[in-house]
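Residue-level listing of the chains:
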Amino acid sequence: MEHHQSDLSSPLTKTKTKTIDESIPTKDFLTHLEAYLAKRDGVDKLLKISRYATKIILSSDAVPQTHPFHRRLKSFESSVGLSRKAFRLGKFVQDVNSFRSAKLDSRQDIILAIIAYGGEGLYYFVEQFVWLAKSGLIDGKHSRDLQKISAWAEFIGYIGSICLKARDLKGIQKDETCLVSSIQIGVTRGDPTEIEEQKLKKLKEKKLLKKLSLVQDLADGLMAVADIRDGKGRLSGPLLLASAGMLSAIISTHKNWLSC
């Protein structure tokens with residue numbers, strides 16, 4: 001912000017700023033990929049894409065059930081699902097920290113934050129024990145109960161997260177409207193609007209990411225409901241759920257890629 005203001009005030013400053021900006025190296029694809037794969041979430045999301053791509057193949061009957069490759073795909077999907085649970089060890093801590101750093105200005109903020117971060121945090125915490133049960137360290141008879149608790153906690157967390165993001169979108173929309181109005185007034189008066197236009201561009205990017213995140217939560221929430229209902233009832237078809245999982249995986253991969 002301050003750099004833009006100084007750019008307008010002095011050609012010398014503008015030249016110096018431009019030189020500094022140009023001297024900052026940009027990451028090439030392989031460097032960016034290395035940074036992405038160094039993150040736990042980066043590897044986890046690639047595994048998620050692999051798992052749901054396999055689920056789509058299995059649920060679409062692209063490979064006949066009698067074919068030996070069908071059995072290999074099922075084994076691969078199950079193995080990747082178990083591997084992903086291992087990546088959730090200690091992940092509940094991020095929800096604790098997110099809650100601690102959240103801006104809570106009202107009682108409604110506090111309630112929604114508890115629902116969102118508390119639900120997701122409990123989900124990740126219980127998933128550790130689900131992994132231990134599925135890997136054989138804990139008696140498998142507890143696996144079903146643990147998965148039910150996990151699914152309910154996940155679903156509750158998504159309810160809070162969706163409410164928070166929907167409210168954030170309203171705030172972003174309000175800010176966007178104010179900026180558009182300021183730009184229109186500036187253009188009418190003949191005033192420079194570069195700073196406002198740059199802010200508007202960043203705000204639109206933020207709004208798009210927030211919308212994608214909301215779609216991801218809805219897709220994941222649909223799968224959580226299916227887990228609660230043991231895959232029965234409406235909107236619980238294997239192909240629909242696999243497609244929802246793939247959509248969620250692609251969106252989360254995109255967000256993690258941008259954050260590297």
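Looking at an unreviewed UniProt entry, the chain carries the name Peroxisomal biogenesis factor 11, with the source organism given as Cynara cardunculus var. scolymus. Here the chain is described in UniProt, under the heading Function (unreviewed entry), as follows: "Involved in peroxisomal proliferation. Promotes peroxisomal duplication, aggregation or elongation without fission." Listed under Subcellular location (unreviewed entry) in UniProt, the entry text for the chain is "Peroxisome membrane".

**Q** Where do I start with the overall build of the chain in this structure?
**A** Tallying secondary structure elements over the chain gives ten helices and zero strands in all. When its helices and strands are written in sequence order, the chain yields α-α-α-α-α-α-α-α-α-α. Radius of gyration (C-alpha) of the chain: 23 Å, far over the 18 Å computed for a compact globule of 260 residues. Reported as C-alpha extents along the three principal axes, the dimensions of the chain are approximately 70 × 45 × 35 Å. Of all 260 residues assigned to the chain, the portion counted as buried reaches 32%. Pairs at least 24 apart in sequence give 72% of the contacts found in the chain among residues at least 6 apart. Just so you have it, the chain exposes about 16300 Å², and 60% of that area is on carbon and sulfur atoms.

**Q** Quick question: what am I supposed to make of the nonpolar core here?
**A** Burial of nonpolar side chains together is a common tendency in soluble globular proteins. Residues Tyr-52, Ala-219, Met-223, Ala-226, Leu-241, Ala-244 and Met-246 constitute the largest nonpolar core, which totals seven residues. At the level of secondary structure, the elements contributing two or more residues to this core comprise helix H9 (194-228) and helix H10 (238-259). In this structure, Ala-226 is in contact with Gly-231, Ser-236 and Leu-241, ignoring residues within four places of it in sequence. Ile-172, Ile-183, Leu-200 and Leu-203 belong to the second-largest nonpolar core, a separate cluster that totals five residues.

**Q** Teacher, can you tell me more about helix H7 (residues 107-134) here?
**A** Because the α-helix completes a turn every 3.6 residues, residues three or four places apart line up on one side. Given a rise of 1.5 Å per residue, 28 residues ought to cover 40 Å, and the 40 Å separating the end C-alpha atoms of H7 matches this to within 8%. Positive phi shows up at Gly-136, right after H7, with a value of about 100°.

**Q** Could you clarify how one ought to interpret the packing of aromatic side chains in this entry?
**A** For any two aromatic rings, the description comes down to two numbers: the centre-to-centre distance and the angle of the planes. This structure, assessed with the given rule, holds six aromatic pairs. Ring geometry for Trp-152 versus Phe-155: centroids 6.3 Å apart, planes at 80°, classification edge-to-face. You can see Trp-152 and its partner Phe-155 sitting in helix H8 (residues 143-189), three residues apart, about one turn around the helix. When its relative accessible area of 45% is taken as the criterion, Trp-152 is described as partly exposed.

**Q** Looking at this structure, I do not really get the packing of helix H4 (residues 40-59) against helix H5 (residues 68-86). What am I missing?
**A** In a pair of packed helices, the angle between the axes and the distance between the axes together describe the arrangement. At a minimum axis separation of 9 Å, H4 and H5 run at an interaxial angle of 150°. The angle between H4 and H5 falls in the class roughly antiparallel. Judged by the twist between their axes, the crossing of H4 over H5 is left-handed. Along its contact with H4, which presents Asp-44, Lys-45, Leu-47, Lys-48, Ser-50, Arg-51, Tyr-52, Thr-54, Lys-55, Ile-57 and Leu-58, the element H5 presents His-70, Leu-73, Lys-74, Phe-76, Glu-77, Val-80, Gly-81, Ser-83 and Arg-84. Of the residues that constitute the contact of H4 with H5, the class distribution is seven nonpolar, five polar and eight charged.

**Q** It is not clear to me how unusual backbone geometry should be interpreted in this structure. Could you clarify?
**A** Among all residues except glycine, the phi angle is most often negative; among peptide bonds, the trans geometry is most common. Phi at Asp-61 takes a positive value of approximately 60°, unusual for a residue other than glycine. Along the chain, the position of Asp-61 falls in the loop between H4 and H5. Judged by relative accessible area, which is 53%, Asp-61 ranks as exposed. Positive phi, close to 55°, is recorded for Asp-230, a residue that is not glycine. Note on placement: Asp-230 falls in the loop between H9 and H10.

**Q** Got a minute to help me understand H5 in this structure?
**A** Compared with an ideal rise of 1.5 Å per residue, which puts 19 residues at 27 Å, H5 spans 28 Å between its outermost C-alpha atoms and is within 8% of the ideal. Every buried residue of H5 is listed here: His-70, Leu-73, Glu-77, Val-80, Gly-81, Arg-84 and Lys-85. Taken around the axis of H5, the buried residues stretch over an arc of 145°, which confines them to a single face. Opposite its buried face, H5 presents the exposed residues Arg-71 and Arg-72, each directed more than 90 degrees away. Buried residues belonging to H5 abut H4 and H7.

**Q** I'm lost on a nonpolar patch on the surface in this one. Help?
**A** Together, Phe-99, Leu-104, Ile-110 and Ile-114 line one region of the surface with nonpolar side chains, adding up to about 300 Å² of accessible area. Inspection of the secondary structure puts Leu-104 in the loop between helix H6 (92-101) and H7.

**Q** Help me understand the side chain of Asp-44, please; the structure alone is not making it clear to me.
**A** Turning to its location among the elements, Asp-44 is positioned in helix H4. One polar contact links Asp-44 to Lys-45, side chain to side chain, over a distance of 3.4 Å. With residues up to four places along the chain from it excluded, the contact list for Asp-44 reads Arg-84, Phe-87 and Lys-91.

About the criteria used
Residues numbered from 1 in each chain as written. Predicted model: local features only at pLDDT ≥ 70, side-chain atom pairs only at ≥ 80, totals over all residues. Heavy atoms only, no water. UniProt positions renumbered as here; feature names shortened; annotations may be inferred. Helix = DSSP H or I, 4+ residues; strand = E, 2+ residues; numbered from the N terminus. Rg over C-alpha atoms; globule rule 2.2 N^0.38 Å. Buried < 20%, exposed > 50% of the residue type's maximum accessible area, 1.4 Å probe, protein only. Contact = heavy atoms within 4.5 Å. Areas by Shrake-Rupley, 256 points an atom, 1.4 Å probe, with all protein chains shown as cover. Core = buried A, V, L, I, M, F, W, Y, C linked by side-chain atoms within 4.5 Å. Expected span 1.5 Å × (residues − 1). Phe/Tyr/Trp six-rings, centres within 6.5 Å; stacked < 30°, edge-to-face > 60°. Axes fitted to C-alpha atoms, helices over the stretch in contact; angles between N-to-C directions. Parallel < 35°, antiparallel > 145°, perpendicular 65-115°, else oblique. Left-handed = near helix turned anticlockwise from the far one by under 90°. Nonpolar A, V, L, I, M, F, W, Y, C, P; charged D, E, K, R; others polar. Arc of directions from axis to C-beta. Patch = residues over 30% accessible without salt bridge, like charges linked within 9 Å, V, L, I, M, F, W, Y side chains within 5 Å. Salt bridge = Lys/Arg side-chain N within 4 Å of Asp/Glu carboxyl O. Polar contact = N/O pair within 3.5 Å; in protein donor to acceptor, adjacent residues only side chain to side chain.

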